[in-house]
Amino acid sequence: MLILGIESSCDETGVALVDASGSAVPRLLGHALHSQIEMHQAYGGVVPELASRDHIRRVLPLTEATLQQSGLDLAAVDLVAYTRGPGLAGALLVGAGVACAIAAALDKPTLGVHHLEGHLLSPFLSADPPEFPFIALLVSGGHTQLMRVDGVGRYELLGETIDDAAGEAFDKSAKLLGLGYPGGPALSRLARQGDPEAFKLPRPLLHSGDLDFSFAGLKTAVLTQARKLGTELPARQADLAASTQAAIVEVLVKKSVAALKQSGLKRLVVAGGVGANASLREQLDAACAKRGWRVHYPELHLCTDNGAMIALAAGMRVQAGLADRAAADYAFDVRPRWPLAELSLPA
Ligand code: ATP
Ligand code: MG
Ligand code: FE
């Protein structure tokens, strides 16, 4: 079963081909990615209209590159998967439209995939894939959630951010420090040269007793601190970056540990762009090793958006007998807002 997957929910166009034959984890045969980061940099964030137009330009050449890499012909594809949501409506429509056009030309079905399910399952493509059940820490640009995952389609939300996402906290703080867009990677690079204890920044909801997060107050604290420093800021920028990262990472680690304790599970899966953060990985590894728990991550290059995770999620859905939405009428819709919990099967 060869599945072509197309991701276009935000500012990355991704295409991938997986082989989901049998019951083994789907095998990645090829994938190609184009990031629009440079195009949006001038605006300090993603411009939706520009994103849609660029997806249109990129998606077919990336599809050709993917096929070439895998040495296969488009005619070999059995199912065309695309990101149905959540994300930018116009951007999603490009991927969905192209996926349905390709599928119609091939007379094959399509499957709309949930972007967060893609992130969540992406560690299955790593050299050290997890096993169900596990606790998932999903930390991306738009989401911060802790979930109990008992299998494909069996997702129980345990807690989530009540305001900004962890990636947003990185991005907004980085912007305040003049580090450009997207700020996460830049802030974490600068943080390596700084002292994480230099500034006392808030750890919101750390002791709230639940598994929710709040990061909106952090950027205000960073702004206040930056203003206080005034002309001293350039000299203390690395310290402030390190302190900001430390605040975000500490909350993510402590709440993940709490979720594992509460559930009695011994396995943590981290997914989403912030999962690429070296300090987060280090501290999660240490906290879990101490307790005899395992942590699984996506490969570094598959932490942020990509087509591989969409093709993979489609493949795992098909294998689990859950591809009920596989459609052959080529009428497509997208879900810019789409809670992952809506995918959940009854227990
Ligand atoms: P969502 O998946 O919730 O719709 P998204 O697709 O925009 O949002 P991702 O592509 O998963 O999010 O991740 C992008 C985010 O990850 C950005 O906020 C970026 O700053 C952050 N990020 C990427 N690398 C790092 C890093 N090394 N350290 C911290 N944050 C990072
Ligand atoms: Mg992105
Ligand atoms: Fe994403």
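Residues numbered from 1 in each chain as written. Chains lettered and ligands numbered in written order. Predicted model: local features only at pLDDT ≥ 70, side-chain atom pairs only at ≥ 80, totals over all residues. Heavy atoms only, no water.

Regarding the UniProt feature "domain: Gcp-like" (unreviewed entry) in the chain
Under the convention used in this document: UniProt positions are given in the numbering used here, feature names are shortened, and annotations may be inferred rather than shown by experiment. Numbering of helices and strands runs from the N terminus, with a helix taken as a DSSP run of H or I at least four residues long and a strand as a DSSP run of E at least two residues long.
With numbering matched to this structure, UniProt assigns "domain: Gcp-like" (unreviewed entry) to residues 28-311. Annotated as residues 28-311, this span is 48% helix and 17% strand, and its ends, taken at the C-alpha atoms, are 8 Å apart.

What to know about the sheet that holds strand 7 (residues 144-151)
Two strands in a sheet stick together by hydrogen bonds in their backbones, pointing the same way (parallel) or opposite ways (antiparallel). Filter applied, for reference: Strands are treated as partners if at least two bridges between them are detected by DSSP. Axes, fitted as lines to C-alpha atoms, cover a helix only where it is in contact. Angles between the N-to-C directions of the axes lie from 0 to 180 degrees.
What the five strands build is an open sheet, ordered 8-7-6-9-10; its pairing is mixed. Among the strands making up the open sheet, the edge pair consists of strand 8 (154-160) and strand 10 (294-296). Here the average twist between neighbouring strands, direction ignored, is 25 degrees. Of the pairings in the sheet, the one linking strand 6 (residues 134-139) to strand 7 comprises six bridges and is antiparallel in character. Residue pairing for strand 7: Ile135 is matched across the bridge by Arg148.

Remarks on the sheet that holds strand 2 (residues 12-19)
Pairing is mixed in the open sheet, where five strands are placed in the order 3-2-1-4-5. Across the chains shown, the open sheet's two edge strands, defined by having one partner strand only, are strand 3 (27-35) and strand 5 (110-114). The mean angle between the axes of side-by-side strands here comes to 20 degrees, regardless of whether they run parallel or antiparallel. Sheet topology places strand 1 (residues 2-7) next to strand 4 (residues 79-85); four bridges connect them, and they run parallel.

Details of the coordination of the magnesium ion (ligand 2)
The criterion, for reference: For Na, K and Ca the donor cut-off is 3.2 Å, while for other metals it is 2.8 Å, and in both cases only N, O and S atoms qualify; water is not among them, so sites may look incomplete. Only protein chains enter the accessibility calculation, which uses a 1.4 Å probe. A residue is then buried if its area is under 20% of the maximum for its type, exposed if over 50%, and partly exposed in between.
Surrounding the magnesium ion (ligand 2) are the protein donor atoms Asp11 (OD) and Glu12 (OE), at 2.2 to 2.3 Å. Both residues of the pair, Asp11 and Glu12, belong to the buried class.

Let's talk about the packing of helix 8 (residues 233-263) against helix 9 (residues 278-291)
Put simply, the rule is: Here is the rule for angles: anything less than 35 degrees is roughly parallel, anything more than 145 is roughly antiparallel, 65 through 115 is roughly perpendicular, and the remaining ranges are oblique. Left-handed describes a crossing whose near helix is turned anticlockwise from the far helix by less than a right angle; the clockwise case is right-handed. Two residues form a contact once any of their heavy atoms are found within 4.5 Å.
It is the contact of helix 8 with helix 9, at a shortest axis distance of 10 Å, that shows an interaxial angle of 30 degrees. When the interaxial angle is binned, helix 8 and helix 9 end up roughly parallel. Crossing angle aside, the handedness with which helix 8 passes helix 9 is right-handed. Of helix 9, the residues touching helix 8 (which contributes Gln245, Val249, Leu252, Val253, Ser256, Val257, Leu260 and Lys261) are Ser279, Leu280, Gln283, Leu284, Ala287, Cys288 and Arg291.

Re the pattern of salt bridges
Formally: Think of a salt bridge as a Lys or Arg side-chain nitrogen and an Asp or Glu carboxyl oxygen that are within 4 Å of each other.
A full pass over the atoms with the stated rule returns 16 salt bridges. Of the charged contacts, one joins Asp210 and Lys255 as a salt bridge, the two residues approaching to 3.6 Å between their closest N and O atoms. With Asp210 in the loop between helix 6 (183-191) and helix 7 (216-229) and Lys255 in helix 8, this residue pair connects regions lying 45 residues apart in the sequence. For Asp210, a relative accessible area of 34% gives the class partly exposed. Among the salt bridges present, the one from Arg335 reaches Glu342, with a minimum N-O distance of 3.2 Å. Accessibility expressed as a relative area gives 23% for Arg335, which makes it partly exposed. Put simply, Asp164, Glu168, Lys172 and Lys219 are held in one network by salt bridges that share partners.

Quick notes on the site of ligand 1
Let me state the cut-off plainly: In these notes, residues near a molecule or strand are those with any non-hydrogen atom within 4 Å of it. Any pair of N or O atoms that falls within 3.5 Å is considered a polar contact. Within protein, one atom must be able to donate a hydrogen and the other to accept it, and sequence-neighbouring residues count only if both atoms are side-chain atoms. All accessible-area figures derive from a Shrake-Rupley calculation using a 1.4 Å probe, and residue coverage is judged against the displayed protein chains alone. Classification convention: Asp, Glu, Lys, Arg as charged; Ala, Val, Leu, Ile, Met, Phe, Trp, Tyr, Cys, Pro as nonpolar; all other residues, Gly among them, as polar. Each domain's extent is set by a domain assignment, obtained either automatically or from a database.
Not every one of the 20 residues close to ligand 1 is listed here, only the nearest: Ser140, Gly141, His143, Asp171 and Asp305. Residue His115 places a side-chain N or O atom 3.1 Å away from an oxygen atom belonging to ligand 1. Gly141 is positioned such that a nitrogen or oxygen atom in its backbone is 2.9 Å from an oxygen atom of ligand 1. Burial of ligand 1 by the protein amounts to 88% of the accessible area it has alone, namely 640 Å². Mapped by element, the contributors of at least two residues to the shell around ligand 1 are helix 4 (115-121), helix 5 (166-176) and helix 6. Taken together, the residues that form the shell around ligand 1 break down as five nonpolar, 13 polar and two charged. Each of domain 1 (2-121 + 303-343) and domain 2 (129-297) gives at least three residues to the shell around ligand 1.

Let's talk about the packing of aromatic side chains
Stated formally: A pair of Phe, Tyr and Trp rings is counted when the ring centres sit within 6.5 Å of each other, with Trp represented by its six-membered ring. The angle between the planes then sorts it: under 30 degrees is stacked, over 60 is edge-to-face, the rest tilted. Sitting over a ring, as applied to charges here, requires NZ of Lys or CZ of Arg to be within 6 Å of the ring centre and within 35 degrees of the ring normal.
Enumeration over the complete set of coordinates arrives at four aromatic pairs. When the centroid spacing of 6.3 Å and the interplanar angle of 45 degrees are considered together, the rings of Phe124 and Phe134 count as tilted. Taken together, the residues span a long stretch of sequence, with Phe124 in the loop between helix 4 and strand 6 and Phe134 in strand 6 at a distance of 10 residues. Across the pair, Phe134 and Phe124 agree in class, each one buried. Each ring, one from Phe132 and one from Phe134, has its centre 5.4 Å from the other, and the planes form 15 degrees; the classification is stacked. Looking at Phe134, the relative accessible area reads 0%, which means it is buried. Aromatic rings pair up to connect Phe124, Phe132 and Phe134 into one cluster. Across from the ring centre of Trp338, 4.9 Å away, lies the NZ or CZ of Arg84, which sits over that ring.

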